Each structure stands twice: as C-alpha cells, then as structure tokens.
Amino acid sequence: MEIPSKYSSGSVEEKWYQYWMDNKFFHSVPNEKEPYTIVIPPPNVTGVLHMGHMLNNTIQDILARRARMKGKNACWVPGTDHASIATEAKVVNKLKEKGVDKYDLSREEFLEHAWEWTHLHGGIILEQLKKLGASCDWDRKAFTMDEARSESVIKVFVDLYKKGLIYRGVRMVNWDPSAKTALSDEEVIYREVQSKLYYLKYQVEGEENEFVTIATTRPETILGDTAVCINPEDERFKNLKGKRVLVPLIKRSVPIIEDSYVDMEFGTGCLKITPAHDINDYEIGMRHNLESVDIFNDDGTLSEKAQIYIGEDRFAVREKIVADLEKEGTLAKIEDYTNKVGFSERTDEVIEPKLSAQWFLKMEELVKPALENVMNDTIQFHPPKFKNIYKHWMGNIKDWCISRQLWWGHQIPVWYISPSPTLTKGEGAKNYGYVVAASEEDARKLALEKHPSLGGEGGGFSLTRDDDVLDTWFSSWLWPISVFDGIRKPDNEEVNYYYPTSDLITAPDIIFFWVARMIIAGYEYKNTFPFKNVYFTGMVRDAQRRKMSKSLGNSPDPLDLIKKYGADGVRVGMLLCSPAGGDLLFDESLPQQGSGFATKIWNSFRLVKNWEVDETIEQPLHSKLAINWFRNKLNEVTATLDDHFEKFRISDALMTIYTTVRDEFSGWLLEIVKPAYQQPIDANTYAELIELFDQLLRLLHPFMPFITEEIWQYMKERKEGESIMVERIPEAKKFDKKLLAAFEDVKEAISGIRKIRLEKNIPNKEELELFIQIGNKGYHKEFESILSKLGNLTNMEEVKEEVKGTTSFRVKSTNFYIPLSNLIDTEEELKKLEEELKYAKGFLNSVNKKLSNEHFVNNAPEAVVNKEKAKKADTESKIKVLEERIAGLK
RNA sequence: GGGAGCUUAGCUCAGUUGGUUCAGAGCACUUGGUUUACACCCAAGGGGUCACUAGUUCGAAUCUAGUAGUUCCCACCA
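This one's a predicted model, so the numbers in the text were calculated from it and none came from an experiment.

### Some remarks on the overall build of chain A
Counting its secondary structure elements, chain A contains 27 helices and 31 strands. Dimensions of chain A, computed from the C-alpha atoms along their principal axes, are close to 120 × 70 × 55 Å. For chain A, the proportion of its 890 residues judged to be buried stands at 53%. Contacts in chain A between residues far apart in sequence, at least 24 positions, make up 78% of those at least 6 positions apart. With the model as given, the accessible surface of chain A reaches about 41,000 Å², and the carbon-plus-sulfur share is 49%. Computed over 120 positive and 141 negative side-chain charges, the separation of the two mean positions in chain A equals 3 Å.

### A few points about the sheet that holds strand 6 (residues 181-183)
Ordered by their spatial adjacency, four strands build an open sheet running 6-5-14-16, and the pairing between neighbours is antiparallel. In this open sheet, the two edge strands, each paired with only one partner strand, are strand 6 and strand 16 (400-401). Bridging between strand 14 (residues 352-361) and strand 16 involves two bridges; their strand directions are antiparallel. When the bridges of strand 16 are listed, L361 appears paired with W400.

### Comments concerning helix 19 (residues 621-646)
Between its first and last C-alpha atoms helix 19 spans 38 Å; for 26 residues at 1.5 Å apiece the expected length is 38 Å, and the two agree. After helix 19 finishes, the residue F648 shows a positive phi value of roughly 60 degrees.

### Thoughts on the packing of aromatic side chains
By the definition in use, this model includes 41 aromatic pairs. For the pair F157 and W359, a centre-to-centre distance of 6.0 Å together with 70 degrees between the ring planes defines the contact as edge-to-face. Taken together, the positions of F157 in helix 6 (residues 147-162) and W359 in strand 14 put the pair 202 residues apart, joining distant regions of the chain. Of the two residues, F157 and W359, neither departs from the other in class, the shared state being buried. A cation sits over an aromatic face here: K333 above Y199, 4.4 Å from the ring centre.

### Describing the pattern of salt bridges
According to the stated counting rule, one finds 63 salt bridges in the structure shown. For the salt bridge of E588 with K564, the shortest nitrogen-to-oxygen distance reads 3.1 Å. Here E588 is found in the loop between strand 25 (584-586) and helix 18 (589-610), whereas its partner K564 is found in helix 17 (residues 558-575), with 24 residues between them in sequence. Overall, E588 belongs to the partly exposed group, its relative accessible area being 32%. Look at K564 and you get exposed, because its relative accessible area is 56%. A salt bridge links K812 to D745; the shortest N-O distance between them is 2.9 Å. Here the residue K812 occupies a position in the loop between strand 30 (806-811) and strand 31 (814-819), and D745 occupies one in helix 23 (residues 737-760), the gap between them amounting to 67 residues. If you follow the salt bridges from partner to partner, you end up with R218, E220, R314, R318, E349 and E352 in one network.

### A closer look at the protein's contact with RNA strand B
The environment of RNA strand B is formed by 55 residues, the closest being D263, F266, N280, K340 and S751. Of everything in RNA strand B that lies within 4 Å of the protein, sugar and phosphate atoms constitute 54%. Tallying contributions element by element places helix 18 first for the surface near RNA strand B, with nine residues. Of the residues belonging to the surface near RNA strand B, the class tally is 22 nonpolar, 18 polar and 15 charged.

### Considerations on the confidence of the model for chain A
In this model, chain A carries an average pLDDT of 90, and 98% of its residues clear a pLDDT of 70 or more. Complex prediction metrics read pTM 0.93 and ipTM 0.93.

### As for the side chain of R571
Residue position: R571 is located in helix 17. With sequence-adjacent residues up to four places away left out, R571 is seen in contact with T58, D61, I62, R65, L132, G133, P702, F703 and P705.

### Some words on the nonpolar core
Ranked by size, the top nonpolar core spans 182 residues in total, and within it L361, F381 and F474 carry the most contacts. In contact with F381, not counting residues within four places along its chain, are V374, F386, K387, Y390, I511, V515, I519, V534 and F536. Membership of the second largest hydrophobic core comes to 29 residues, among which are L223, V247, I250 and I256.

### Here's the deal with the environment of L851
Mapped onto the elements of the fold, L851 is located in helix 25 (residues 826-852). Measuring from C-alpha to C-alpha, the distance between L851 and V865 comes to 7.6 Å, with 14 residues separating the pair along the chain. Here L851 is in contact with F856, V857, V865, E868, K869 and K872, once residues within four sequence places are set aside.

### Considering the environment of E14
Here E14 shows up in helix 1 (residues 9-22). Separated by 116 residues in the primary sequence, E14 and K130 place their C-alpha atoms 9.4 Å from one another.

### Here we look at unusual backbone geometry
Put simply, H382 and P383 share a cis peptide bond, and its omega is -5 degrees. The peptide bond linking Y499 to P500 adopts the cis configuration, its omega dihedral lying at 0 degrees. With respect to the secondary-structure elements, P500 resides in the loop between helix 15 (493-498) and strand 22 (501-506). The phi dihedral of D485 is positive, around 60 degrees, even though this residue is not glycine. Here D485 shows up in the loop between helix 14 (479-482) and helix 15.

### So, the sheet that holds strand 23 (residues 531-536)
In space, the three strands of this open sheet follow the order 15-23-22, with parallel pairing throughout. Of all strands in the sheet, those with a lone pairing partner are strand 15 (380-382) and strand 22, marking the two edges. Sheet twist, expressed as the average angle between the axes of neighbouring strands with direction ignored, equals 15 degrees. As defined by bridge partners, strand 22 adjoins strand 23 across five bridges and the pair is classed as parallel. Across the sheet, residue T501 finds its bridge partner in strand 23, namely F531.

### Observations concerning a negative patch on the surface
Judged by side-chain charge, E108, E109, E112 and E116 come together as a negatively charged surface patch. For E112, the location among the structural elements is in helix 4 (residues 107-121).

### Section: the side chain of E13
Secondary-structure assignment places E13 in helix 1. Buried and unpaired, E13 has K131 as its nearest opposite-charge partner, separated by 8.3 Å. Beyond its immediate sequence surroundings of up to four residues, E13 is in contact with K131, I562, G566, A567, D568 and F706.

### Quick look at the state of the cysteines
Enumeration over the complete set of coordinates arrives at zero disulfides. The thiol of C229 is not disulfide-bonded; the next cysteine sulfur, from C270, is found 9.0 Å away.

### Points about the pairing of strand 23
Counting buried positions along strand 23 yields five of six residues, so the element is predominantly enclosed. In this sheet, strand 23 lies alongside strand 15 in parallel orientation, the contact comprising three bridges. Bridging from a neighbouring strand, H382 pairs with Y535 of strand 23. Note on the crossover from strand 22 through helix 16 (residues 511-525) to strand 23: the handedness is right-handed.

### Let's talk about the packing of helix 17 against helix 18
Packing of helix 17 against helix 18 leaves a shortest axis separation of 7 Å and a crossing angle of 85 degrees. Taken together, the axes of helix 17 and helix 18 lie roughly perpendicular to each other. Of the residues in helix 18, those touching helix 17 at L561, Y565, G569, V570, V572 and G573 are L590, P591, Q592, G594 and S595. Of the residues contributing to the contact of helix 17 with helix 18, the split by class is six nonpolar, five polar and no charged.

Cut-offs used in this document
- Residues numbered from 1 in each chain as written.
- Chains lettered and ligands numbered in written order.
- Predicted model: local features only at pLDDT ≥ 70, side-chain atom pairs only at ≥ 80, totals over all residues.
- Heavy atoms only, no water.
- Helix = DSSP H or I, 4+ residues; strand = E, 2+ residues; numbered from the N terminus.
- Buried < 20%, exposed > 50% of the residue type's maximum accessible area, 1.4 Å probe, protein only.
- Contact = heavy atoms within 4.5 Å.
- Areas by Shrake-Rupley, 256 points an atom, 1.4 Å probe, with all protein chains shown as cover.
- Lys, Arg positive; Asp, Glu negative; His and termini not counted.
- Charge placed at Lys NZ, Arg CZ, Asp CG, Glu CD.
- Pairing = 2+ DSSP bridges.
- Expected span 1.5 Å × (residues − 1).
- Phe/Tyr/Trp six-rings, centres within 6.5 Å; stacked < 30°, edge-to-face > 60°.
- Lys NZ or Arg CZ within 6 Å of the ring centre and 35° of its normal.
- Salt bridge = Lys/Arg side-chain N within 4 Å of Asp/Glu carboxyl O.
- Near = heavy atom within 4 Å.
- Nonpolar A, V, L, I, M, F, W, Y, C, P; charged D, E, K, R; others polar.
- pLDDT = per-residue confidence, 0-100.
- Core = buried A, V, L, I, M, F, W, Y, C linked by side-chain atoms within 4.5 Å.
- Axes fitted to C-alpha atoms, helices over the stretch in contact; angles between N-to-C directions.
- Patch = residues over 30% accessible without salt bridge, like charges linked within 9 Å, V, L, I, M, F, W, Y side chains within 5 Å.
- Disulfide = S-S within 2.5 Å.
- Right-handed = clockwise from strand over helix to strand, strands pointing away.
- Parallel < 35°, antiparallel > 145°, perpendicular 65-115°, else oblique.

Here you go:
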C-alpha cells in the first residue's frame, strides 16, 4: 500500500466522518453497558460557530470518545436553543431591512417569519461542529422549541404553578427599551461609564429665593419626581422639614420627606425621588406613600405623563433638558462622574428600571438541594473555585422573573377569562381572573370547574392567552431531562438509563443562567443531580488578552482554521494551553503547532511502514531492549493519562501524549530500532513496533480522531466497519520504575556524548571510543548496545581509573571518557572540571550542614535522613573522582 | 461597598499530603546541524531570591498573618 508523503487533512477528515456516520458509531441506545452521557450546551439556533464553541466542543468530544473507547456506552446529545430575545432581535432587524415593522405584523405573521429564519439558519452551527469531528449522536438532535421540549416546558410551568411557586406580580423589573421586554437580573450587565453629575435647584414653594439643590445623573427623570428626600439627622436642612418644593420646568409641587436611606455625605445630601424609575426610589416611595409617575414609554421615549418632550428619546431629552434648565437658571453646576450603568446582555441597550406586571418563580425552597449538593461535592465543579461563586449566588437568590414581552418563545400557558356580557351585568359582576393549563381545552375545563356559573344559564365565556413568552432559560434548565423526554414521560427507559448525565462542559459566564438552574430543575424533577461533574472552560481571548469580538476583528473563523490546519491541528491547538477555568490566549501559532504535530505523527508512521521487513534476520539486542523499555513507558503514560483525566486536566493529558509521541516514541524508540540506510528490519521488531504504534494511536484518538483513524486503517488490512474509534483504549498496567529510571541514565549518557560532539565539532558520522569508569550509580551495562548505537561508538571499555588524554562527562557517579587525538583542550577541560567540583563541594557542604544539625537528625523521618546520607556518600565519591581527574590533567 | 481567587523562566501555566534532582513543562530565545521519516525537523544550551515582609518548623514555592499588585463575582449610593 502506497502511503502519501503528505497528510492532507481535508479529504481525510471528510472521508472518515462520513464513514463513522455510515456505521452509526455515534449513535447510542440504552444497553447493558455503563452509560456515559453528555448534553451539549445548546448553541443559539441561528448562531455561527465561534472560538468558544470550538474549545468547548473539542473537550466534550475528547471525553465522549475516550469514554466510548473505555467500553462505556457514550451518548453525546446535540441540539440548539431558540434563544428567545437574541433570535427575536435578529428577526426584527431582518424585517426592518425589508422595511417591515414588527408591530405591523400579527403575532402569527411574525412567528412565521421567525420560523422561516430558523429553518434557514437553524442548525448551521451543528453542521459546523461535524467539521470539528464532534461525535454527537445526531439522531438525537433536539431543539428547545420542538414539540417534545415545548410540551415539557409548559408541563413544568403548570406544575410549578400548581405547587404555588409561580406567581404574577407588579414589580420593579429590568426593562430593555430596545427589545421592549423585561429581563431577569442575570441578563443585566453593569458597566462603569463616564457620565456627569448634575446639580439642580428646586425652588422651595412659597419662598421666591430659597432653593434646595439635589444631585442627579439622570436629569430627565425629574419629570417623574414625586418628592425630595433628606436624612432626618441632617442638621443643615432642619428648616426644610414639612415644606414642599417645585420641580424645575414643570413646577410640580412635591413634598420634602425624610428617610435615613439618604447619605448625607454624598452630593448635596438631598435626593430627588422618582419612584417609577429607580428601585431605591421605588422602595422609599412605598414607605412614604408617594405617587409613581411613569414618564417613559416602553421604547424609552417620554410619555404624556412627562408633560414635556413627549415622544422624544430619553437620551435626547437629557441633552435638551440640561440646556432648558440652564436657561431657567435652575442648573447649579455639572461635574464629571463615573458610575455604573446596567446594560442588556443581548441588545446592549441601557436598562430602564420599570414597574410592570410579570410572572415570577419563587426560588427560596427550590435552591436548597441544589446548593447543598454542590457544596458537599455530590456535583463536582472543576476548578472548585466556582463553588464559592455558586454558593454566594444561591444564598442571595431572588425570585426569577420568567416572563418576557416577546413573541419568539414558549407562550405562557395562562388564559384570562372573559365571561359573556350577561354574566358581568349587575350584581353577578366579578373578576373571573385566569386559569393555568397546558392547553386551551384544559383551560376551558378548568375555568368551568372554578366558576360553574360560566357554564350555567346565560353563561359562556372566551379565553385570552397571556401574550408573554417564557425566559429562554426556563426551557434550557430542563435540557438534561427534556432531551430524554423525561418531563413528559418521567419513567421512560431512556431517561432512566442516561440520566443523571456524566459531565457538563460549559463556560463560567452561564453558571447562574444555566448551570445552577439545571441543578435546581434536576432535583425538583428527577430528585437527583443532572450531572456528576461540571468542567468550566476559560474564555478564548487573543494574545493581548482581549476578548474575541467581531468589532475588534480578532476572532478567527473556526472553519478557516480547520481548512488551514486540519481539525486535528485545531483541536490540539485549542488544548495545548487551556487549563480548566483559565483563559485561553489564542493565536494562530497554536493550531500551527497542532498541525505540525500531525505531520510528525504522519512521518513517524511513514518511516515505520516503509521499512522492508526481513523474516530471516534476528532481532538485534538494542531493539529488543528498546521495545521492552517503551512498553513500560507506555504503561506509565497510560497511568498518567488516567490520572489527568480523572482530575479533568485535559491540557496536561494532551501534553503527556504529545511529548510521548514526539520524544519517547519518535525521538528515542524509532532512532534505536531504525535499521541502517536501505537495510531491512527484522520481523519481530517490526511487528512489535506496529503494535506499540497502535496503542499510541488509541491513546491519541480522542484528541486527534482523524489522523489516528487514517493511520490505523493504513496499518493493517481492515474490514469494513472496523474503526479505531470503537476499539478499546489501553488500560494502565504495571510498569518497572527501575527500568525506566535506568533508561533515563542511558539517555543522559547519550546526551553527554552528543554534547561533546557539539562542543568539539565532531560529526555524528565519526565513530568514537568510550571508556567507562563505573561508579555506584549512573551506568547500566545491560543497555550498552543502545549506548553504542546512538553514540556511534566503535569500542566501549570499562576502566578502573581515569583515562588520560581524554575529554569526559559524568552521569551520577559514573565517569565517561572519550579519547580525542589532538583535540583535547586541557585548559578548557580543567575549567569545566573545576566548576563541577565547586558545585559538588557546595552541594556536599549543604548536605553536611543538614546532617550535623541535631534537630534535623532527631526530628526528621528516618527515610529522609537516610536519603541525605546517601546524597552525602554519592557526592563524596563524585568529588573524589573529579579531584583525581583534575590531578591527572595537571 | 462586600466576597473569592491569583502573583513561580520573556509569555502561558504545572507543582497533589511541607522532606530524594522540587524549582518544572510548552512556547519563545541562543548555538550547531540539509545525519535520506520529518527544517512543520534534529541536537545542545541559557534563563526564576517561587510578589514582598514577618512568623511556625530541624526543614517552606507549599502552612499562618500582614503588605502591595492583579483578576473575577456580587451589590440600587443619587
């Protein structure tokens, strides 16, 4: 079989992905094996793949593939999220481009557009994941708004309502004037901004020349002022108590009230109160029975209640009102000021606190098991520092505002009852309220049960469904259950088998949005945790630590990267430098390194595969020894990998296998067994090499699925349906630590020879002689054939004392001498030896100091003391050797 | 304002319970090499007072306290 000299990732990746799909290797059904389950953090249905997804999904795939090769029944469930507000914003913009305003459409018409958009762009991102090699069970593709998931959401809403956990209330909520919807607290991002502090003078009513000065960052809100507040302790304003002041421009008379909330130190010590547009003012307003004047429309323009600037935008009004206040003479001064302003996570609009009727979920009881089981490590966070953050949030949780004034999403299953006019006439008139039910049919029944009069004589009624939809996260919090249909059919075989899932891989920025809430839902609906481990990835940033963003143009297109470096190369690049919870500083040198590694593996394979095998020659001793050594090495590496994976140190695991392939396998093993130019290799060594290569590929497969499959298929004749991805990964076996340590000494001796060649400018081709003065450590005669081959030695001889006229080096207490006719620079050699001697003496000194310290000898464990004694003996013999050598040279 | 974390080589980070080379890895850097698998390579090498200070201990990168710097999370000071 001819092996191409260059590995071409593109065609190889396409070929094997198709092969895996055709053979249904990704597909999982419940069986007798141990399940290993991951649910994907569902990306936005209309989103495109970005670097964060790459990192995240690479890790998921590595874990899934590894579990599969460990003999588990791995199931990685893919899917997408309808992303209510983000998708709706996109559709609204799209319509706007076509000159269509959302509000000119009916709800049904708008949803038609939204579905069209979803079908057009939906799932592109999942197709992109295939390019990465993601081994998802595509037959299980789920969508948060498909039938099964939608019904689950509705069922849960009804259930929570019945449990008394969902309620409707008028509250101060975070209002996004751009999307015209309420948001949860988590969807508001506070940012520091440079703004101004405006000092405004309010005339005291009835006192022509007496003014009260307040400070505000939002002068436009004075139009909604219904009081001015002072601290009751404030001596400066004693005379104002009980008086009233006039709001500038509109001259509304408002009372001066007293509340200890006011900080006397800040600003002027006087605070204007706008209960409709500030959460604190709202609370003060409640305490003092103040009127609320809502001066804003839903879109952030001023309403009629503002009296002036009606219909103009709040920020335009801010400019204008400052000018008008100045004209009026009520603007005292303006200062620069830095404060924090809330922005909408999705639309980046400045949030307006607004009073409105919304649906809430009571959290206090629900969070209890979720908090407890993270704190006691039933669910483990990696890295564990996120436990603190989680705890803090859970401990201070407020009720969750779950309604959104949007159309794209799960419409709230609440029906308001409008009785027929005959029923509302006269004394029978009453508010029939609403019912909560999974369908209109159920709602109708329920309404009749609740109000029998509706079905009675002169009855009849209509139902109007609540316009709002549910927060996106109200569907994704059910994800680990709902993808197995465990909400609608709580005891089905699938959910019983796959749930709880194994590992969740996600970014820390959605720890509250999603992770915490999934845990809550898990305990509420399955009575157990939704996943055993949560691995938090870092943020992908650029080399300057800046966030990847479109506007900065520092975010590479993942698909371009895959084209350029191969999926394997990109996967390796993502992971080479990505500790759990730590940010990944990405630049193209990383995937470059990854693809370089792929080339390295490819070339190693070509080397081996192209050797001619000769059955008649015997296996050389050095090959036999090297193979045996590498077997032990591989077992050590396998154990190390197991340990890394157990601790979710994925980068370290990759680095382990990376250096094993590059240094141990290619650098040492292959160099040792490599036959002379154009010479054949013995059959024994060849067969064993192929087997070891096979083992290595299996260990590597989860990281680099494509190239490992390609090589594995080339390695031997394979039958249709065979694949490395369904083979077993090597188990950790015992290994000989002494052997491995001895081999390190051999390597060091070879390095010593190489170093001398480099220093003395001796080409590798030139053969050398080596004399060995064996000390009590550092030499292993059994490996002399290896030393001889890699050192290119003609003759090796053991000697009892130092050899004159040679250059030398040491491994532990063994001296190696290389005779170099005419090439010895005695001065140089002496200088080197003196330095070594100086170091050894210093070292001995520190050891002696320890050993002569009675406290140390008496208190330290015996083993530690013995070790120090051994060090002392070794160093002393080394010093002796050095001194002899120096004397000899002189 | 409250809380948590971090500070180890030029960069990004390991370093598990204090005790053998524990002062490490990858990248970067320096030097040498076109040794027929690989220059996307190979060989050799330089580089750190483990932020600072004080303590505990026979012994501290590791434990304690404080200081400085830094990051993140939470919080409605106009």
